[in-house]
Amino acid sequence: MEVLLDGKTAEFAELRRTFPAVQQPDWPDPTALRDVTDRLATEAPLVTAGECADLRGRMAAVARGQAIMLQGGDCAETFAQVTADSVRRKLKTLLQMAVVLTHATALPVVKVGRMAGQYAKPRSSPVERQGDATLPSYRGDAVNGLEFTADARRPDPARLRTMYEASAGTLDLVRSLTTGGFAGLSQVHAWNRGFVARSRAGERYESLADEIGRSLAFMHACGIDTRELGTAEFYVSHEGLLLDYEAALTRTDPETGRLYAGSGHLLWIGERTRQLDGAHVEFFSRISNPIAVKLGPSAAADDVLKLIDRLDPQREPGRLTLVVRAGAERVRDVLPVLVEKVGAEGAQVCWVSDPMHGNTTTAPSGHKTRRFETVLDEVRGFVEVHRALGTHPGGIHVELTGDDVTECVGGGNALLAEDLPVRYETACDPRLNHTQSLDLAFRLAEMYRDQ
């Protein structure tokens, strides 16, 4: 993809001045910011127009009910966690989950990581108070540091450059792993057998794991070399929050003349930035990537229809994903109205459940946490609503890690509230650990099979 022409660069700069841009850092040095973004505008994009178009085609299959989307990764990536082992464990977890869902649904699973760009976070307050001290809120490693000091919390545009480099390194490793045998079907199944053997809930999933094993044995008996299935399509995504960064990496595809955000394959607009007259909606309306919008319990159907008119005016399957984060107590009430009204408008969107963000609580220890059973209940409600309406529950979007952290309670290994301080490592919100993530995949597989 080509670098934006000067006219286009100016056009995106004007966008920030014309449309209100919420949740943007208060950069203390505009000159330093411009130096960084000017440099990023000359760098190679992290993803190609062709890759984004391919994902849009895969998401069209999800919208038609012919595929499932699995999206997951850290709440907020950190520069310190960009290690080969960390990336490998997250990828391994998602591959394991995908194999289970593929077998249960007999549908392709579109695998999308919350990675290689998820370094910025919206915040409910621009400041954080500890005792008598008040400092800017931590907005992710792309903006400032987590430590509660004046130096760490000062927004630093040089971090945007570090985000680009960290994302490039992550993508290089992901591409290497997914094409170099790491994603082999037999190997992934062996990992899942190990999970079933070790998990307290393993007996529940024994029959499904055995079915997958028999399917692989049948393929071998037929002379199919499963080593040929040792590669996997894998895409990356993040919230397109920092418009200076996103605009700097936006490129024109010389073959089609279309604009693509070169920072990731799929970008989403968050619950706090989906204002119809806002800069985020305007920016997303101009790029050709597959895109998503998060919808909380307060999302009104009429506003959702207006968002579809702005972001998917041609009603193209695969263009727009609606990610519902209503909360377990509200999803069965909120979702039916949205699905029915969107369907009546003829929009073929992908419906995806985010069962994490609407179910956050605070433990007696002061740690933010989520109960696995509550997360599972929102997923169950999501599937039940679509089953009742005859529509397709397109998949899940979860915050997870491949590590054995102690951030969410419950699950097959029954993590307790008193266990939270043992390995509470998240930079922002609590994530499902490796075991809980696989537990969720097997439980979701059961729901799809029942459906």
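Residues numbered from 1 in each chain as written. Predicted model: local features only at pLDDT ≥ 70, side-chain atom pairs only at ≥ 80, totals over all residues. Heavy atoms only, no water.

## Re the pairing of strand 6 (residues 235-239)
To be explicit about the condition: For every residue, the accessible area obtained with a 1.4 Å probe (protein chains only) is divided by the maximum for its type, and the residue is called buried under 20%, exposed over 50%, and partly exposed between those limits. Secondary structure follows DSSP: runs of H or I at least 4 residues long count as helices, runs of E at least 2 residues long count as strands, and numbering of each begins at the N terminus. The pairing criterion for strands is at least two bridges between them, as found by DSSP.
Summarising burial for strand 6: five of the five residues are buried, a large majority. Residue alternation in strand 6 divides its side chains into two sets, Tyr-235, Ser-237 and Glu-239 and Val-236 and His-238, and both sets are buried. Alignment of strand 3 (residues 109-114) against strand 6, held across three bridges, turns out to be parallel. Pairing of Gly-113 across the sheet is with Val-236, part of strand 6. Alignment of strand 6 against strand 9 (residues 266-269), held across three bridges, turns out to be parallel.

## Focus on the pattern of salt bridges
Put simply, the rule is: By salt bridge we mean one thing: a side-chain nitrogen of Lys or Arg within 4 Å of a carboxyl oxygen of Asp or Glu.
Under the counting rule described, the total for this entry stands at 31 salt bridges. Measuring nitrogen to oxygen at the nearest pair gives 2.8 Å for the salt bridge that ties Arg-56 to Glu-316. Of this pair, Arg-56 sits in helix 3 (residues 49-63) while Glu-316 is found in the loop between helix 11 (301-311) and strand 11 (320-324), placing the two residues 260 residues apart along the sequence. In this structure Glu-316 comes out as partly exposed when scored by relative accessible area, which is 29%. With its nearest N and O atoms 2.7 Å apart, the salt bridge here joins Arg-370 to Glu-399. Taken as a pair, Arg-370 in strand 14 (residues 368-370) and Glu-399 in strand 15 (residues 395-399) lie far apart in primary sequence, 29 residues in all.

## Brief notes about the nonpolar core
Basically, it comes down to this: Nonpolar cores were defined as sets of buried Ala, Val, Leu, Ile, Met, Phe, Trp, Tyr and Cys residues, with membership established by side-chain atoms within 4.5 Å. The criterion used for residue contact is that any of the two residues' heavy atoms lie within 4.5 Å.
In terms of nonpolar packing, the biggest core is built from 108 residues, with Leu-160, Leu-322 and Trp-351 touching the most fellow members. A total of 10 residues in this core trace back to one element, the largest contributor, which is helix 4 (residues 84-105). The contact partners of Trp-351, leaving out residues within four places of it in the chain, are Leu-322, Val-324, Leu-335, Leu-338, Val-339, Val-342, Phe-382, His-386, His-392, Pro-393, Gly-394 and Gly-395.

## A closer look at the confidence of the model for the chain
For clarity, the threshold we go by: The pLDDT score gives, residue by residue, the confidence of the prediction method on a 0 to 100 scale.
Mean pLDDT over the chain works out to 92, with 95% of the residues at or above the 70 mark. Counting interchain partners and residues more than four positions distant, the pLDDT-below-50 stretch residues 1-7 has 23 contacts.

## A closer look at the packing of helix 2 (residues 30-40) against helix 6 (residues 158-179)
Our working rule: Whenever a helix is involved, its axis is fitted only over the stretch in contact; in every case the axis is a line through C-alpha atoms, and angles between N-to-C directions fall within 0 to 180 degrees. Angles below 35 degrees are treated as roughly parallel, those above 145 as roughly antiparallel, those between 65 and 115 as roughly perpendicular, and all remaining angles as oblique. Side-chain classes are defined by residue name, with Ala, Val, Leu, Ile, Met, Phe, Trp, Tyr, Cys and Pro counting as nonpolar, Asp, Glu, Lys and Arg as charged, and the others, Gly among them, as polar.
Between helix 2 and helix 6, whose axes approach to 8 Å, the crossing angle comes to 25°. Accordingly, the angle class assigned to the pair helix 2 and helix 6 is roughly parallel. Residues Leu-33, Val-36, Arg-39 and Leu-40 of helix 2 pack against Ala-158, Leu-160, Arg-161 and Tyr-164 of helix 6. In the contact of helix 2 with helix 6, the residues fall into six nonpolar, no polar and two charged.

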